[in-house]
There are 2 protein chains.
Amino acid sequence: MDATGFEIHPQLAQTSYPLVSLPYSDLRLVDDARFPWVLVIPRISNAVELIDLPPEIRTPVGVEIDHVCRILRDVFAPYKLNVAALGNQVRQLHVHVIARYVDDPAWPNPVWGMGQSMPYDEDGLASRLRLLSAALQ
Amino acid sequence: MDATGFEIHPQLAQTSYPLVSLPYSDLRLVDDARFPWVLVIPRISNAVELIDLPPEIRTPVGVEIDHVCRILRDVFAPYKLNVAALGNQVRQLHVHVIARYVDDPAWPNPVWGMGQSMPYDEDGLASRLRLLSAALQ
């Protein structure tokens, strides 16, 4: 829990690793080595929809989402980005940014619910966290 | 084609109906009566990612997406909005805004690729277009 009482939902915390805290959002790496996949989680308690955010927070959160998109594009050179705020499984506001390739295991479908996730191995995780933390900072 | 040479991708045109033209985006109703589902299509030729848009267009397009979210929430009172820029099937930039319910046919999964779409019947389409066009204007 941070000073404002905000806490990452346990289901998000259990399936992802912390990357970087931006001024308004925590960025986390989803533990699925099949896809470069980052969550943007605004640190606002009880936020569910992006349009729930107060305007002075909605705007910079949008800038932070775009920042993550640019970094994922620069680092991974995907064929396509997938950017989505769904929240059907975990209601706490979080935005998926995923780098997609025509030869990835879910293409051309969305990634959610496609096959089994593939947790990172220790080395893969360490190098991915290092790479992305530096780039997203 | 409009005066700038912009044209809706045929696959998007064939599976949706025109609702409203906002200053930067065309709004279209997806022809699937299972879900209240609107596409936001910025009228920018060759745009693929939201971050491709020039900053002076990115910002108002974001405002238009949020506007659609608010109207869908006001009109349909969904349990959750799903907002996504995917583009794996059709590369032309388009953003999905979908009103979701815990008893809809895809819940809690995303809607894409779930079962068969259910085209509107004539009366259902006319009334949905009338309702949404007035609200989104």
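This one's a predicted model, so the numbers in the text were calculated from it and none came from an experiment.

Colleague: Any details on the pattern of salt bridges? Residues and values, ideally.
Modeller: Throughout the structure, instances matching the rule amount to twelve salt bridges over all chains. Between glutamate 49 of chain B and lysine 80 of chain A there is a salt bridge, with its nearest N and O atoms 2.8 Å apart. Here glutamate 49 of chain B, found in the loop between β3 (37-42) and α2 (55-76), pairs with lysine 80 of chain A, found in strand β4 (residues 80-85), and the two come from separate chains. Of the two residues examined, glutamate 49 of chain B and lysine 80 of chain A, each falls in the buried class. For arginine 34 of chain B, the salt bridge goes to aspartate 32 of chain B, with nearest N and O atoms at 2.7 Å. Judged by its relative accessible area of 17%, arginine 34 of chain B falls in the buried class. When its relative accessible area of 2% is taken as the criterion, aspartate 32 of chain B is described as buried.

Colleague: Go over the interface of chain B and chain A, please, and point to the residues and values.
Modeller: One frequently used descriptor of interface size is the decrease in accessible area upon assembly of the parts. Contacts between the two partners involve 27 residues from chain B, matched on the other side by 27 residues from chain A. Summed over both sides, the interface between chain B and chain A buries roughly 2,700 Å², with carbon and sulfur atoms accounting for 46% of that surface. Counting the surface chain B buries against chain A, the share from its top three residues, Ile51, Lys80 and Asn88 of chain B, is 26%. Inspection of the chain B/chain A interface yields six salt bridges. We note a salt bridge from aspartate 66 of chain B to arginine 58 of chain A, for which the minimum N-O separation is 2.7 Å.

Colleague: Which residues make up the packing of aromatic side chains, and what are the values?
Modeller: In total, this model carries four aromatic pairs over all chains according to the counting rule given. Seen in terms of ring centroids, phenylalanine 35 of chain A and tryptophan 37 of chain A are 6.2 Å apart; in terms of plane orientation they differ by 70 degrees. Their pairing is edge-to-face. Across the pair, exposure class does not vary: phenylalanine 35 of chain A and tryptophan 37 of chain A are buried alike. Arranged with centres 5.7 Å apart and planes meeting at 80 degrees, the rings of tyrosine 79 of chain A and tryptophan 107 of chain A form a pair that is edge-to-face. Residue tyrosine 79 of chain A is found in the loop between α2 (55-76) and β4, and its partner tryptophan 107 of chain A is found in the loop between β5 (95-100) and α3 (122-136); the two are separated by 28 residues along the sequence. By relative accessible area, which is 39% here, tyrosine 79 of chain A ends up partly exposed. Exposure remark for tryptophan 107 of chain A: the relative accessible area of 18% places this residue in the buried category. Across the ring face of tyrosine 79 of chain B, the terminal group of arginine 91 of chain A is positioned such that the distance to the ring centre comes to 3.9 Å.

Here is what the cut-offs are and how they apply
Residues numbered from 1 in each chain as written. Chains lettered and ligands numbered in written order. Predicted model: local features only at pLDDT ≥ 70, side-chain atom pairs only at ≥ 80, totals over all residues. Heavy atoms only, no water. Salt bridge = Lys/Arg side-chain N within 4 Å of Asp/Glu carboxyl O. Helix = DSSP H or I, 4+ residues; strand = E, 2+ residues; numbered from the N terminus. Buried < 20%, exposed > 50% of the residue type's maximum accessible area, 1.4 Å probe, protein only. Contact = heavy atoms within 4.5 Å. Buried area = accessible area lost by both parts, 1.4 Å probe. Phe/Tyr/Trp six-rings, centres within 6.5 Å; stacked < 30°, edge-to-face > 60°. Lys NZ or Arg CZ within 6 Å of the ring centre and 35° of its normal.

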